[in-house]
Amino acid sequence: MRTCRVGLVGAGGVAQRHARVLGGFADVELIGVTDVVPQAAAELARAHDARTFGDVEELLAAGPDAVYVCVPPFAHGPAEEAVVAAGVPMFVEKPVAVDLATAERVADLVARRGLLTGVGHHWRYLPVVQQARELLGDRPVRLVAGAWWDKVPPVAWWSSRERSGGPVVEQAAHVLDLIRCLVGEATEVTAYGDGTPPPVDGADIDSVTTATLRFAGGAVGALTAACVLGWKHRAGLEILADGLALSLSEDGLVVRDADGERRFDADPEAARVAVDRAFVDAVRGVGDDVRVPYAEALGTQRLALAVADSARTGRAVRLDTPAAAPLATGVTVDA
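Here's what I pulled together on the structure shown here. The shown structure was predicted, so the numbers you read here are calculated from the model rather than taken from an experiment.

## What about the pairing of strand E7 (residues 141–149)?
Here comes step 1: Pairing of E7 with strand E11 (residues 234–241) involves eight bridges; the strand directions are antiparallel. When the bridges of E11 are listed, Ala-145 appears paired with Glu-238.
Here comes step 2: Pairing between E7 and strand E10 (residues 220–226): seven bridges, direction parallel. What sits directly across from Trp-149, in E10, is Ala-226.

The following block contains the structure:
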């Protein structure tokens, strides 16, 4: 294939990051940007010698080889539907939606079209994640504890439950995705929020959330999320198996077993590059390393929303396993 021509939907911080990464690839041409804020689209396009398009349809008419959808959680849906209808390979930033219905609708369209997709769960491209999988091997996981303790990001929509989905959906999804990758599928969650929003004007999200999880393989676990700090304090997970303790974050892996303790460093920026490199290679037909296609990201979306729904309702939420769950269902709130 010739140079991969990429279009961007969205011009915010995440879109800017992808533009920088893609701009560093010799085989990629960023052809244009569209955003609901024309000035933002124009500034990003100008920074990368690209065009500004008025809307998604206009961008698609320019004939991109792939489209990146980098919009806030509440804005997902229409852009993806247009890209899928056009049959263009699509990369979507996480979370893939603010709700489950939108994500399942898009997943169904993608499956029917057989479209190449990728989702921005870049932690899966950390070499230490594969190392953790190899260390676990056939050992059954007994316990997993995930955490994301951070600040409220400086965007107006983030502190609105209706627009962001809340911290578990928008931030802790990275941790939940790794839990699914390393431990397996959760079958039940029970969560609680503190009912107190962070000190931000108009906020209606829980400032802290805690959840317990039960997994199909027999493991139990916990997740905690908080947005009451002024810095990113902790983001990662710990896993216990027989004779093995793992502590994993985007910065590295700490292993403790009978041989003692050892640390392996990781480079989160390299993972952010790797996720884009893998998708571009797949579009160009020279690689096959997309680790989180849309259908896989849907599993993480289901889990994150199950935690959020349980915290909101105060009731346990049961999740069907992927093999048993039809596409349009998969989450049941206990009465």
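Now, onward.
## Points about empty space enclosed by the protein
Here comes step 1: In this structure the tally under the stated criterion is three cavities of 30 Å³ or more.
Here comes step 2: In this model, the largest cavity occupies a volume close to 80 Å³.
Here comes step 3: What lines the largest cavity is simply Arg-161, Gly-165, Gly-166, Pro-167, Val-168, Asp-206, Thr-209, Val-307, Ala-308 and Ala-311.
Here comes step 4: If you list the elements that add at least two residues to the lining of the largest cavity, you get helix H8 (167–170) and helix H11 (294–313).
Here comes step 5: The element contributing the most residues to the lining of the largest cavity is H11, with three residues.
Here comes step 6: In terms of residue class, the lining of the largest cavity is built from five nonpolar, three polar and two charged.

## So, a nonpolar patch on the surface
Here comes step 1: A grouping of Leu-143, Val-220 and Leu-240 is seen on the molecular surface, where their side chains present a nonpolar patch of about 210 Å² in accessible area.
Here comes step 2: For Leu-143, the location among the structural elements is in strand E7.
Here comes step 3: The class of Leu-143 is partly exposed, set by a relative accessible area of 36%.

## With respect to the pairing of strand E8 (residues 186–193)
Looking along a regular strand, one sees the side chains alternate between the two faces of the sheet.
Here comes step 1: Examined bridge by bridge, E8 and strand E9 (residues 208–215) share seven bridges and lie antiparallel to one another. Counterpart to Gly-193 in the pairing with E9 is Thr-209.
Here comes step 2: The pairing of E8 with strand E15 (residues 317–319) spans two bridges and is antiparallel. The residue bridging Glu-188 from the neighbouring strand is Arg-318, located in E15.

## A few points about the layout of surface pockets
Sizing a probe to match a water molecule and rolling it over the atoms shows the empty space that remains.
Here comes step 1: Of the volumes computed, that of the largest pocket is approximately 1300 Å³.
Here comes step 2: Gly-12, Gly-13, Val-14, Trp-157 and Glu-170 are the residues nearest the centre of the largest pocket, which is lined by 46 residues in total.
Here comes step 3: Among the elements that line the lining of the largest pocket, the one with the most residues is helix H1 (residues 13–23), at four residues.
Here comes step 4: Residues of the lining of the largest pocket, tallied by class, amount to 23 nonpolar, ten polar and 13 charged.

## Examining the packing of aromatic side chains
Here comes step 1: Evaluated as defined, the whole model comprises five aromatic pairs.
Here comes step 2: Ring geometry for Tyr-68 against Phe-91: centres 4.5 Å apart, planes inclined by 20°, an arrangement best described as stacked. Of the two residues, Tyr-68 is situated in strand E4 (residues 66–69) and Phe-91 in strand E5 (residues 90–92); the sequence distance between them amounts to 23 residues.
Here comes step 3: According to the relative accessible area criterion, Tyr-68 is buried, its value standing at 0%.
Here comes step 4: A ring pair is formed by Phe-91 and Phe-279, whose centres lie 5.5 Å apart and whose planes are at 65°; its orientation type is edge-to-face. Separated by 188 residues along the polypeptide, Phe-91 in strand E5 and Phe-279 in helix H10 (residues 268–284) bring together distant segments of the chain. No difference in accessibility class separates Phe-91 from Phe-279, as the two residues are buried.
Here comes step 5: Cluster of aromatic residues (ring-pair linked, three or more members): Tyr-68, Phe-91 and Phe-279.
Here comes step 6: Geometry around Trp-149 places Arg-234 over its ring, the cationic atom sitting 5.2 Å from the centre.

Conventions we followed
Residues numbered from 1 in each chain as written. Predicted model: local features only at pLDDT ≥ 70, side-chain atom pairs only at ≥ 80, totals over all residues. Heavy atoms only, no water. Pairing = 2+ DSSP bridges. Helix = DSSP H or I, 4+ residues; strand = E, 2+ residues; numbered from the N terminus. 1 Å grid on protein atoms, 1.4 Å probe; cavity = no way out; pocket = protein on both sides within 12 Å on 5 of 7 lines; lining within 4 Å. Points joined across faces, edges and corners; volume = space filled by probe spheres on them. Nonpolar A, V, L, I, M, F, W, Y, C, P; charged D, E, K, R; others polar. Patch = residues over 30% accessible without salt bridge, like charges linked within 9 Å, V, L, I, M, F, W, Y side chains within 5 Å. Areas by Shrake-Rupley, 256 points an atom, 1.4 Å probe, with all protein chains shown as cover. Salt bridge = Lys/Arg side-chain N within 4 Å of Asp/Glu carboxyl O. Buried < 20%, exposed > 50% of the residue type's maximum accessible area, 1.4 Å probe, protein only. Phe/Tyr/Trp six-rings, centres within 6.5 Å; stacked < 30°, edge-to-face > 60°. Lys NZ or Arg CZ within 6 Å of the ring centre and 35° of its normal.

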